[in-house]
Amino acid sequence: DVKVTQSSRYLVKRTGEKVFLECVQDMDHENMFWYRQDPGLGLRLIYFSYDVKMKEKGDIPEGYSVSREKKERFSLILESASTNQTSMYLCASSFTQTSSYEQYFGPGTRLTVT
Amino acid sequence: DQQVKQNSPSLSVQEGRISILNCDYTNSMFDYFLWYKKYPAEGPTFLISISSIKDKNEDGRFTVFLNKSAKHLSLHIVPSQPGDSAVYFCAAKAWYGGSQGNLIFGKGTKLSVKP
């Protein structure tokens, strides 16, 4: 079974803090993704990476950065957390060469910024 | 502009009946579609998919229909069970950047199946 794990299920941070969200996958997937999910807005792509040290902006990258130093690990960084970054953050991974294009998701991190 | 639209935020169905969840898309270049199911406080899980060369794909109680001319797909769940109560996301495969597997998601439809 594919496993995608995220470092925390729930996190509470203060405005202005630097926040690190970690994601690890165990299936040797090339692609990794960070989304946020908000009520009524669905899943919105923040950043993605298709190889180690590669990163590309998604639809809403402002206020975020990412790091991928190893193939299995993809980190999302909130440089200076703000209340509008309170959300559910979801990490996903997938193979590049696949006929199904399925992305496998982690359990999510519910981040609250106060 | 939304490229994948799920116009019904919620749907309520009686147990044992059919649930039909709808999804529209605008980009005729989309060639692969997926449905995901999400329970609260969990990550989405893959349910079923369909390639644009097909018009129907079945997996047990779940069937996805694709109407390319209308740019419309639907997920049918028969019979519906209380455990199917979740948010369902429609997604289309997109190509941008260097990735060969980006998905564009709709906003989701919350299905409630009442006993």
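Preceding this section is the structure that the text describes.
Report follows, based on the coordinates. (Residues numbered from 1 in each chain as written. Chains lettered and ligands numbered in written order. Predicted model: local features only at pLDDT ≥ 70, side-chain atom pairs only at ≥ 80, totals over all residues. Heavy atoms only, no water.)

## Section: the overall build of chain B
Each helix and strand in chain B was counted, giving 0 helices and 11 strands. Each helix and strand of chain B, ordered N terminal to C terminal, gives the series β-β-β-β-β-β-β-β-β-β-β. In terms of C-alpha radius of gyration, chain B reaches 14 Å, essentially the compact-globule figure of 13 Å for 115 residues. Evaluated residue by residue, chain B yields a buried proportion of 46% over its 115 residues. A sequence separation of at least 24 residues applies to 54% of the contacts in chain B between residues at least 6 apart. In the structure as shown, chain B presents an accessible area of about 5,400 Å², 49% of it carried by carbon and sulfur atoms. Where the 13 positive side-chain charges of chain B centre and where its 9 negative ones centre are 4 Å apart. (Helix = DSSP H or I, 4+ residues; strand = E, 2+ residues; numbered from the N terminus. Rg over C-alpha atoms; globule rule 2.2 N^0.38 Å. Buried < 20%, exposed > 50% of the residue type's maximum accessible area, 1.4 Å probe, protein only. Contact = heavy atoms within 4.5 Å. Areas by Shrake-Rupley, 256 points an atom, 1.4 Å probe, with all protein chains shown as cover. Lys, Arg positive; Asp, Glu negative; His and termini not counted. Charge placed at Lys NZ, Arg CZ, Asp CG, Glu CD.)

## With respect to the environment of N67 of chain B
Residue and element names in this part refer to chain B. On the secondary structure map, N67 appears in strand β7 (residues 62-67). Among the residues examined, N67 registers a relative accessible area of 35% and is labelled partly exposed. Each C-alpha atom, one on N67 and one on S52, is 8.9 Å from the other, the two residues being 15 residues apart in sequence. When near neighbours in sequence (up to four residues on either side) are disregarded, N67 contacts Y25 and H72. There is a polar contact of 2.8 Å between the side chain of N67 and the side chain of S69. (Polar contact = N/O pair within 3.5 Å; in protein donor to acceptor, adjacent residues only side chain to side chain.)

Just geometry here; none of it tells us what the structure is for.
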